[in-house]
Amino acid sequence: MERGNLIALLLAVPIAIVQFLPFALFRQREIVITFDVLLIVLVGTLISIVIHEILHALTWIVAGRLPRSAVKFGIHRRTLSPYTHLKVPVRVNVYRLGTLMPGFVLGILPYVVALITGHVPLFMLSVLNTLSALGDGIILWLLRRVPPTVQVEDHPNRIGCYVIESDPM
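Residues numbered from 1 in each chain as written. Predicted model: local features only at pLDDT ≥ 70, side-chain atom pairs only at ≥ 80, totals over all residues. Heavy atoms only, no water.

A. Just the sheet that holds strand β3 (residues 90–91), in detail. If you walk across this open sheet you meet the 3 strands as β3-β4-β5, and the pairing is antiparallel. Only two strands of the sheet have a single partner each, and these edge strands are β3 and β5 (161–164). For strand β4 (residues 151–154) and β5, the ladder comprises 4 bridges, and the chain directions are antiparallel. In the strand pairing of β5, Q151 is matched with I164. (Pairing = 2+ DSSP bridges. Helix = DSSP H or I, 4+ residues; strand = E, 2+ residues; numbered from the N terminus.)

B. Structural view of the packing of aromatic side chains. Evaluation of the coordinates by the stated rule reveals 4 aromatic pairs. Between the aromatic rings of F20 and F123, the centroid separation amounts to 6.4 Å while the plane-to-plane angle is 50 degrees, which identifies the pairing as tilted. Of this pair, F20 sits in helix α1 (residues 2–27) while F123 sits in helix α4 (residues 120–132), and the two are 103 residues apart along the sequence. Residue classification places F20 among the partly exposed residues on the basis of a relative accessible area of 37%. Plain terms: the ring middles of Y111 and F123 are 6.2 Å apart, the flat faces sit at 45 degrees to each other, and that makes the pair tilted. Residue Y111 is found in helix α3 (residues 92–117), and its partner F123 is found in helix α4; the two are separated by 12 residues along the sequence. Taken as a pair, Y111 and F123 share a single burial class, namely buried. Of the aromatic side chains, those joined through ring pairs into one cluster are F20, F23, Y111 and F123. Over the ring of W141 we find R144; its NZ or CZ atom is 3.8 Å from the centre of that ring. (Phe/Tyr/Trp six-rings, centres within 6.5 Å; stacked < 30°, edge-to-face > 60°. Buried < 20%, exposed > 50% of the residue type's maximum accessible area, 1.4 Å probe, protein only. Lys NZ or Arg CZ within 6 Å of the ring centre and 35° of its normal.)

Put into structure tokens, the structure is as follows:
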């Protein structure tokens, strides 16, 4: 988990810049950060943490046609990181979709809306949610060459999953 957090931290600044520049150039106005904006972003961030994990679970349940009991929520004690753990093996494409969904729904989509509307709190939330999905992005990168029908099993206490090798016979 620490290694994944370090990689995400190294990627965070370039990704934030890539999101900031189009917003600033397209909107061509100052980004004013007031107490109200900070309060909205703080509350939005706390709510987004919960929604992020729920999106993982809902996507895995729906896409994998799984029972609710196949998913467990928790908080990693050492890093205080919330997590959603998938307790059953699924096809890698189901796992990928569930891993992708929070970054897309909470990061990318709101960023596009903020880019169009110029809404500063939404922009800030979209950047924070994109950055909070970097660990998920690293998992997707590591799974990029796994064939779509291969089964994976979520690791019980680390970020990521095991690829379940099928029997060659």
